[in-house]
Amino acid sequence: MKRLVAFALILAAVAGACGGGEDVVTKAGGPVEPLDDIQLPPQIVGLNVAEEKVTEALESFRPSYVAGAALYSFRGDKDLVQATLQIARFRDEPRNKSNDFRQSILTQFGSTRPKQTRMGETIVYRTTQTKQTVAIWFDDLDWYLLSIRDEFDRPRTLMRETLEITTK
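Residues numbered from 1 in each chain as written. Predicted model: local features only at pLDDT ≥ 70, side-chain atom pairs only at ≥ 80, totals over all residues. Heavy atoms only, no water.

1. Let's talk about the nonpolar core
Note on soluble globular proteins: their nonpolar side chains tend to be buried together.
Turning to step 1, where the next piece is worked out: Membership of the largest hydrophobic core comes to 24 residues, with the highest contact counts inside it found for Tyr 72, Phe 74, Leu 85, Trp 137, Leu 146 and Leu 158.
Turning to step 2, where the next piece is worked out: Among the elements of the structure, strand 3 (47-52), strand 4 (66-75), strand 5 (81-90), strand 8 (132-139), strand 9 (142-149) and helix 5 (155-166) are those that each provide at least two residues to this core.
Turning to step 3, where the next piece is worked out: Judged by nonpolar contacts, the second largest core, of 19 residues, contains Ile 105, Leu 106, Phe 138 and Leu 141. (Core = buried A, V, L, I, M, F, W, Y, C linked by side-chain atoms within 4.5 Å. Buried < 20%, exposed > 50% of the residue type's maximum accessible area, 1.4 Å probe, protein only. Helix = DSSP H or I, 4+ residues; strand = E, 2+ residues; numbered from the N terminus.)

2. Regarding the confidence of the model for the protein chain
Turning to step 1, where the next piece is worked out: Taken residue by residue, the protein chain gives an average pLDDT of 84. The fraction at 70 or more is 82%.
Turning to step 2, where the next piece is worked out: Averaged over each element, pLDDT in the protein chain is lowest for helix 2 (residues 21-27) (40) and highest for strand 2 (residues 43-44) (98). (pLDDT = per-residue confidence, 0-100.)

3. Quick notes on the pairing of strand 5
Turning to step 1, where the next piece is worked out: Where burial is concerned, most of strand 5 is hidden: 9 out of the 10 residues are buried.
Turning to step 2, where the next piece is worked out: Here 9 bridges tie strand 4 to strand 5, and the two strands are oriented antiparallel to one another. Note on strand 5: the bridge partner recorded for Arg 75 is Val 81.
Turning to step 3, where the next piece is worked out: In this antiparallel pair of consecutive strands, strand 4 and strand 5, the connection spans 5 residues, and Lys 78 shows a positive phi of 60 degrees.
Turning to step 4, where the next piece is worked out: Pairing of strand 5 with strand 9, which is carried by 7 bridges, proceeds in the antiparallel orientation. Note that in strand 9 the partner of Ala 83 across the bridge is Ile 148. (Pairing = 2+ DSSP bridges.)

4. Side note on the packing of aromatic side chains
In this description, a pair of aromatic rings is defined by centroid distance and the angle of the planes.
Turning to step 1, where the next piece is worked out: Overall, the coordinates contain 3 aromatic pairs when judged by the stated rule.
Turning to step 2, where the next piece is worked out: With a centroid separation of 4.9 Å and 85 degrees between ring planes, the pair formed by Phe 90 and Phe 101 is classed as edge-to-face. Highlighted residues: Phe 90 in strand 5 and Phe 101 in helix 4 (residues 99-106), separated in sequence by 11 residues.
Turning to step 3, where the next piece is worked out: Among the residues examined, Phe 90 registers a relative accessible area of 2% and is labelled buried.
Turning to step 4, where the next piece is worked out: Aromatic pair Phe 109 and Trp 143: ring centres 5.5 Å apart, planes at 35 degrees, arrangement tilted. Residue Phe 109 is found in the loop between helix 4 and strand 6 (115-119), and its partner Trp 143 is found in strand 9; the two are separated by 34 residues along the sequence.
Turning to step 5, where the next piece is worked out: Between Arg 95 and the ring centre of Tyr 65, over which it is positioned, the NZ or CZ distance is 5.4 Å. (Phe/Tyr/Trp six-rings, centres within 6.5 Å; stacked < 30°, edge-to-face > 60°. Lys NZ or Arg CZ within 6 Å of the ring centre and 35° of its normal.)

Structure representation (structure tokens):
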């Protein structure tokens with residue numbers, strides 16, 4: 001349940017970054033739907049990957065610039081969550097592909113200013129939250145937020161492999 005609440009809060013922050021207040025509701029499209037076209041392998045870097053059910057959280061979410069969303073957990077020994085991958089797909093509008101739009105989203109996450117890093121052809125923004133490393137990237141209309149526990153021993157490998165899978 002905590003993951004669903006956190007997921008809903010992330011979506012709210014993303015929508016809030018998109019224009020603020022009532023403007024988001026009046027300009028935005030329909031409801032946020034679960035993404036059903038995401039293909040992740042059953043394991044990444046030895047962690048079991050599982051799609052978390054977010055339908056209930058999405059049903060209560062007001063219309064926004066987000067068209068679809070998904071949440072995945074990466075679990076290690078003893079079923080402990082080592083990382084999560086949150087995905088939001090923005091509605092196909094020119095504004096949603098702009099650098100200003102993306103920068104407004106980046107300011108909503110992390111306790112440090114995101115550092116820009118190039119990994120292959122993709123620009124990844126890295127920051128931290130409490131006991132986590134956070135990586136954020138965009139691929140056309142898709143937005144990815146990978147949160148990795150500080151205790152996980154291969155965060156860069158997980159980041160790199162997840163990035164490769166999601167940007168194919």
